[in-house]
Amino acid sequence: GAVVSQHPSWVICKSGTSVKIECRSLDFQATTMFWYRQFPKQSLMLMATSNEGSKATYEQGVEKDKFLINHASLTLSTLTVTSAHPEDSSFYICSGAAGGDGYTFGSGTRLTVV
Amino acid sequence: QKEVEQDPGPLSVPEGAIVSLNCTYSNSAFQYFMWYRQYSRKGPELLMYTYSSGNKEDGRFTAQVDKSSKYISLFIRDSQPSDSATYLCAMTGSSYKLIFGSGTRLLVRP
């Protein structure tokens, strides 16, 4: 089946630094990638939708200058958390639409900002 | 009212039991329905993907969609301890933006 590879799986960073999370679709071309964040024991919250070669569409309340999304190719999308703060600590997950196979998710990145 | 409602559980069953998980929704435009399994600290894993109303079976899993009632179900037969996880329903229409339920925590006791 379709696979989305997400890295890193976990990262700890200092407050004020930036962190980049990568998602690659390994065996399909993801025209659209979705980025979510998930707090403990809660469901996934959509942050933004990225389309290859165009600007991402952010959900209401998500700071586009803080969460930079780049979708430079059909197989790679990145999320950069800029000037991270402890409240940005969360589980970030990407997802790509794999045609008739539904939506495939990456394994997630646990970000801890100290 | 949320677009998708799902009982958070936890649901505790003995090994071998039939598990029934459900979601209701309010948006009649939803056409694609999915069930995901999520283990702690992992990304969701797609279990079932159905279009419109009807049933779909895959091994021990059966998904049902009743669009007239705006109700979807996932049945797990012969449940195993390894099925213990959080199960998320998700659905979308023409926007392709997935709307998730809150997830049901399932515990299968050996």
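See above for the structure.
Residues numbered from 1 in each chain as written. Chains lettered and ligands numbered in written order. Predicted model: local features only at pLDDT ≥ 70, side-chain atom pairs only at ≥ 80, totals over all residues. Heavy atoms only, no water.

Visitor: I keep staring at the overall build of chain B and nothing clicks. Help me out?
Guide: Of the regular secondary structure elements, chain B holds zero helices and 11 strands. Over its C-alpha atoms chain B spans a radius of gyration of 13 Å, differing by no more than 12% from the 13 Å that the globule rule assigns to 110 residues. Summarising its shape, the C-alpha atoms of chain B cover approximately 40 × 25 × 20 Å along the three principal directions. Every one of the 110 residues in chain B was classed for burial, and the buried ones make up 43%. By sequence separation, contacts in chain B at least 24 residues apart represent 53% of the contacts at least 6 residues apart. As displayed, chain B has an accessible area near 5400 Å², and 48% of this comes from carbon and sulfur atoms. In chain B, 12 side chains carry a positive charge and 10 a negative one; their mean positions are 6 Å apart. (Helix = DSSP H or I, 4+ residues; strand = E, 2+ residues; numbered from the N terminus. Rg over C-alpha atoms; globule rule 2.2 N^0.38 Å. Buried < 20%, exposed > 50% of the residue type's maximum accessible area, 1.4 Å probe, protein only. Contact = heavy atoms within 4.5 Å. Areas by Shrake-Rupley, 256 points an atom, 1.4 Å probe, with all protein chains shown as cover. Lys, Arg positive; Asp, Glu negative; His and termini not counted. Charge placed at Lys NZ, Arg CZ, Asp CG, Glu CD.)

Visitor: Please clarify how the state of the cysteines should be interpreted in this entry.
Guide: By definition, a disulfide links the sulfur atoms of two cysteines through a covalent bond. All names here are of chain A. This structure, assessed with the given rule, holds two disulfides over all chains. What pairs with Cys23 in a disulfide is Cys94, and their sulfur atoms sit 1.7 Å apart. The disulfide joining Cys23 to Cys94 has a torsion of about -90° about its S-S bond and is therefore left-handed. Of this pair, Cys23 sits in strand S3 (residues 19-25) while Cys94 sits in strand S9 (residues 90-97), placing them 71 residues apart in sequence. Take Cys23 and Cys94: they sit in the same class, and that class is buried. Between Cys13, a cysteine without a disulfide, and Cys23, which holds the nearest cysteine sulfur, the sulfur-to-sulfur distance is 17 Å. Judged by its relative accessible area of 8%, Cys13 is buried. (Disulfide = S-S within 2.5 Å.)

Visitor: Got a minute to help me understand the sheet that holds strand S3 (residues 19-25) of chain B in this structure?
Guide: Note on sheets: strands pair through backbone hydrogen bonds, and any given pair is parallel or antiparallel. All names here are of chain B. Taking strand neighbours across the sheet as the criterion, the five strands line up as S1-S3-S8-S7-S6 in an open arrangement whose pairing is antiparallel. Strand pairing shows two members of the sheet lacking a second neighbour, strand S1 (4-6) and strand S6 (54-58), which therefore form its edges. Recorded for the sheet is a direction-independent mean angle of 15° between the axes of neighbouring strands. Taken together, the six bridges between strand S7 (residues 61-66) and strand S8 (residues 71-76) define a ladder with antiparallel strand orientation. Note on S8: the bridge partner recorded for Asp66 is Tyr71. (Pairing = 2+ DSSP bridges. Axes fitted to C-alpha atoms, helices over the stretch in contact; angles between N-to-C directions.)

Visitor: In this structure, what is going on with the pairing of strand S7 (residues 67-73) of chain A? I would like to understand it.
Guide: Looking along a regular strand, one sees side chains alternate from face to face of the sheet. Relative to strand S8 (residues 76-81) of chain A, S7(A) runs antiparallel, the two being bridged by five bridges. Across the sheet, Leu68(A) pairs through a bridge with Thr80(A), a residue of S8(A).

Visitor: How should the interface of chain B and chain A be read in this particular structure?
Guide: Interfaces are often sized by the accessible area lost when the parts come together. Across the boundary between the two partners, chain B contributes 17 residues, which contact 18 residues of chain A. For the pairing of chain B and chain A, the buried interface totals around 1400 Å² over both sides, and the portion due to carbon and sulfur atoms is 58%. Considering only the side of chain B, the residues that lose the most area to chain A are Arg41(B), Lys97(B) and Phe100(B), jointly responsible for 30% of the buried surface there. Taken together, chain B and chain A are joined by one salt bridge. Of the charged contacts in the structure, one is a salt bridge between Lys97(B) and Glu59(A), with a shortest N-O distance of 3.2 Å. Where chain B meets chain A, there are five residue pairs in polar contact (both at pLDDT 80 or more). (Buried area = accessible area lost by both parts, 1.4 Å probe. Salt bridge = Lys/Arg side-chain N within 4 Å of Asp/Glu carboxyl O. Polar contact = N/O pair within 3.5 Å; in protein donor to acceptor, adjacent residues only side chain to side chain.)

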